Amino acid sequence: MIPVTKPFLPPKAELYALLDEVYDRNWLTNSGPLVNLLESEIPKFLNYNGHFSYVNNGTIAIQIAIKALELTGDIITTPFSYVATTSSIVWEGCKPVFVDIEEGSCNIDPRKIEAAITPTTTGILATHVYGNPCDVEAIAAIAKKHNLKVIYDAAHCFGTTYKGKSIFEYGDISTTSFHATKLFHTVEGGALFTNTKAVAHKINYMRNFGHNGQEDFWGIGINGKNSEFHAAMGIANLKHMGQVLEKRKAQWLLYRAQLGKHYDTLDLIDETGFNYSYFPIFFKSEKDLLAKKKLLDDNHIYCRRYFYPSLNTLNYTKTDTILEVSEQRSKTVLTLPLYDKLSEENQFLIVKNILS
Ligand SMILES: Cc1ncc(COP(=O)(O)O)c(C=O)c1O
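Since we're looking at a predicted model, the values are computed, not measured. (Residues numbered from 1 in each chain as written. Predicted model: local features only at pLDDT ≥ 70, side-chain atom pairs only at ≥ 80, totals over all residues. Heavy atoms only, no water.)

Caption draft 1: Focus on the packing of aromatic side chains. This model, assessed by the stated rule, comprises 22 aromatic pairs. Here the aromatic rings of Y54 and F178 are separated by 6.2 Å at their centres, their planes lie at 35°, and the arrangement is tilted. Here Y54 is found in strand β1 (residues 51-55), whereas its partner F178 is found in the loop between β8 (173-177) and β9 (190-194), with 124 residues between them in sequence. Both residues of the pair, Y54 and F178, count as buried. When the ring of F80 is compared with that of Y130, the centres are 6.2 Å apart and the planes differ by 80°; the resulting orientation is edge-to-face. Taken together, the positions of F80 in the loop between β2 (74-77) and α4 (83-91) and Y130 in the loop between β4 (121-127) and α5 (136-146) put the pair 50 residues apart, joining distant regions of the chain. One residue, K165, lies across the ring of Y170, its end atom 5.1 Å from the ring centre. Residue placement shows R305 over the ring face of Y308; its charged tip is 3.8 Å from the ring centre. (Phe/Tyr/Trp six-rings, centres within 6.5 Å; stacked < 30°, edge-to-face > 60°. Helix = DSSP H or I, 4+ residues; strand = E, 2+ residues; numbered from the N terminus. Buried < 20%, exposed > 50% of the residue type's maximum accessible area, 1.4 Å probe, protein only. Lys NZ or Arg CZ within 6 Å of the ring centre and 35° of its normal.)

Caption draft 2: Spatial organisation of the pattern of salt bridges. What the rule picks out here adds up to 14 salt bridges. A salt bridge links E39 to R207, with the nearest nitrogen and oxygen atoms 2.8 Å apart. With E39 in helix α2 (residues 33-46) and R207 in the loop between α6 (197-206) and α7 (228-238), the pair connects residues that are 168 residues apart, well separated along the chain. Each member of the pair, E39 as well as R207, carries the same accessibility label: buried. D109 serves as the salt-bridge partner of K112, at 3.8 Å between the closest nitrogen and oxygen. Each member of the salt-bridge network shares a partner with another, and the members are E21, R25 and E228. (Salt bridge = Lys/Arg side-chain N within 4 Å of Asp/Glu carboxyl O.)

Caption draft 3: Examining helix α11 (residues 344-355) more closely. With twelve residues, α11 should reach 16 Å at 1.5 Å per residue; the first-to-last C-alpha distance of 16 Å fits that figure. The set of residues buried in α11 consists of Q347, I350, V351, N353 and I354. Along the axis of α11, the buried residues cluster in a sector spanning 165°; they form a single face. Among the exposed residues of α11, those pointing more than 90 degrees away from its buried face are E345 and K352. Turning to α11, the residues buried within the fold contact α8 (241-259), β10 (280-282) and α9 (286-298). (Expected span 1.5 Å × (residues − 1). Arc of directions from axis to C-beta. Contact = heavy atoms within 4.5 Å.)

Caption draft 4: Here's a closer look at the domain arrangement of the chain. Here the chain is partitioned into domain 1 (12-238) and domain 2 (241-355). The distance between the C-alpha centroids of domain 1 and domain 2 comes to 24 Å. Each partner contributes to the interface: domain 1 provides 39 residues, whereas domain 2 provides 35 residues. Counting every contact that joins domain 1 to domain 2 gives zero salt bridges. Summed over the shared surface of domain 1 and domain 2, the result is 18 residue pairs in polar contact (both at pLDDT 80 or more). Sorting the residues of the side of domain 1 that touches domain 2 by element identifies α4, β3 (95-98), β6 (161-162) and α7 as the ones contributing at least two each. For the side of domain 1 that touches domain 2, the leading source of residues is α4, giving four residues. (Domains from an automatic or database assignment. Polar contact = N/O pair within 3.5 Å; in protein donor to acceptor, adjacent residues only side chain to side chain.)

Caption draft 5: Structural view of the environment of P3. Along the chain, P3 falls in the segment before α1 (12-25). Remark: the alpha-carbon pair of P3 and A65, spanning 62 residues in sequence, is separated by 33 Å.

Caption draft 6: How the structure looks around the packing of helix α3 (residues 58-68) against α4. Contact geometry for α3 and α4: axes closest at 9 Å, N-to-C directions at 40°. When the interaxial angle is binned, α3 and α4 end up oblique. α3 and α4 meet at a crossing whose hand is right-handed. Residue-level contacts link T59, I62, Q63 and I66 of α3 to A84, T85, S88, I89 and W91 of α4. A breakdown of the residues in the contact of α3 with α4 according to their chemical character gives five nonpolar, four polar and no charged. (Axes fitted to C-alpha atoms, helices over the stretch in contact; angles between N-to-C directions. Parallel < 35°, antiparallel > 145°, perpendicular 65-115°, else oblique. Left-handed = near helix turned anticlockwise from the far one by under 90°. Nonpolar A, V, L, I, M, F, W, Y, C, P; charged D, E, K, R; others polar.)

Caption draft 7: Summary view of the site of the ligand. Residues in contact with the ligand amount to 16 residues; listed here are only the nearest, G58, T59, D153, S177 and K182. In the environment of the ligand, an oxygen atom lies 2.9 Å from a nitrogen or oxygen atom belonging to the side chain of Y306. Here the ligand occupies the largest pocket. Of all the secondary structure elements, the ones that give two or more residues to the shell around the ligand are α3 and α4. Its residues assigned to classes, the shell around the ligand comprises four nonpolar, ten polar and two charged. (Near = heavy atom within 4 Å. 1 Å grid on protein atoms, 1.4 Å probe; cavity = no way out; pocket = protein on both sides within 12 Å on 5 of 7 lines; lining within 4 Å. Sits in = over half its atoms within 2 Å of the grid points.)

Caption draft 8: Quick peek at the environment of G131. With respect to the element layout, G131 can be found in the loop between β4 and α5. Sequence separation of G131 and S277 is 146 residues, and the distance between their C-alpha atoms is 6.3 Å. Other than its neighbours up to four places away in sequence, G131 contacts H156, C157, T160, F274, N275 and S277.

Caption draft 9: Up close: α4. Where α4 is concerned, the buried positions are A84, T85, T86, S88 and I89. Phi for G93, located one or two positions after α4, is positive at around 80°.

Caption draft 10: Up close: empty space enclosed by the protein. Using the criterion set out here, one finds two cavities of 30 Å³ or more in the structure. Reported here for the largest cavity is a volume of approximately 70 Å³. T5, K6, P7, F8, A180, T181, K182, L183, V244, R248 and D340 together form the lining of the largest cavity. When the residues that make up the lining of the largest cavity are grouped by side-chain class, the tally is five nonpolar, two polar and four charged. Looking at the lining of the largest cavity, you find at least three residues from each of domain 1 (12-238) and domain 2 (241-355). Around the second largest cavity sit A155, H156, C157, F158, K182, L183, F184, S277 and Y278, which together line it. Residues belonging to the lining of the second largest cavity are distributed by class as follows: six nonpolar, two polar and one charged. (Points joined across faces, edges and corners; volume = space filled by probe spheres on them.)

Here is the structure:
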């Protein structure tokens, strides 16, 4: 059986040494030493120079970002993302206004953003799909012109750079996910990145119930903290991330060399800075995709329709607007198995089944 993903696991001894420390201290959560260590190590690893806040998942990170930037009313967003991007907007009492995507990158199409801006638009929430950056310059120019805040859902972006800088440097806030299925994970986890000190201050209060000391509250907050156990997994994993990223690149390039001539894949914005986190292929039609998926399933090779469905078709967002590119892409995309322990032999087996 070849699953679509398998979490990277560090050597047991490395994780257990950290867990022994946790047992000895008997300090399990609430800004413990391992959480603090992780918060200083991740920005160093990423060469990220702004403010970094570790939280308990990537969805709460988006929700805190929307709250911290005080977004209300309409938020321009992409229909081609994981459901958490859209559900967070609705959860925060705002309205997602979907703008179609570019076919090649599957990222939000900046040329279509301005036409969707209304008097109640306060922000743009865009996803760097598959870890491949959006057109951040075009989006920044539109945001500046219309006085909008920008949040990037950078859940797929661990290790991605753009023009030599961490992709997390872009936007008013970038959020990410450290879920077990991501390139870098802490079992469950997520983070917010911002270059603005005042915003970071707000985020840090908001993720801890709004606490300002034991008995004082700065404002409204939520429980966005993460635990020492999760941080231990993150610290143990981080040591191996250099190798994981290198191997992922080789695996991704193998798929492209084998399948690139036969299938439409991803147009990379900046190949040098890509983290190679996902390998999608696009079929000519949904019928073709379903037939191939069945064949792969029958051979115990599990690919994922990711992202499917297009988020403008959810029962709580549905409008009459058709977003042609996103709907077509989501109906015809399969992401292929990609994880550290995936052998070259199994990659060739996957390729053979896809080309059969
Ligand atoms: C694009 C995107 N946004 C948000 C999330 C939510 O992250 P989490 O699962 O950590 O809440 C995910 C992950 O599943 C994702 O892929």
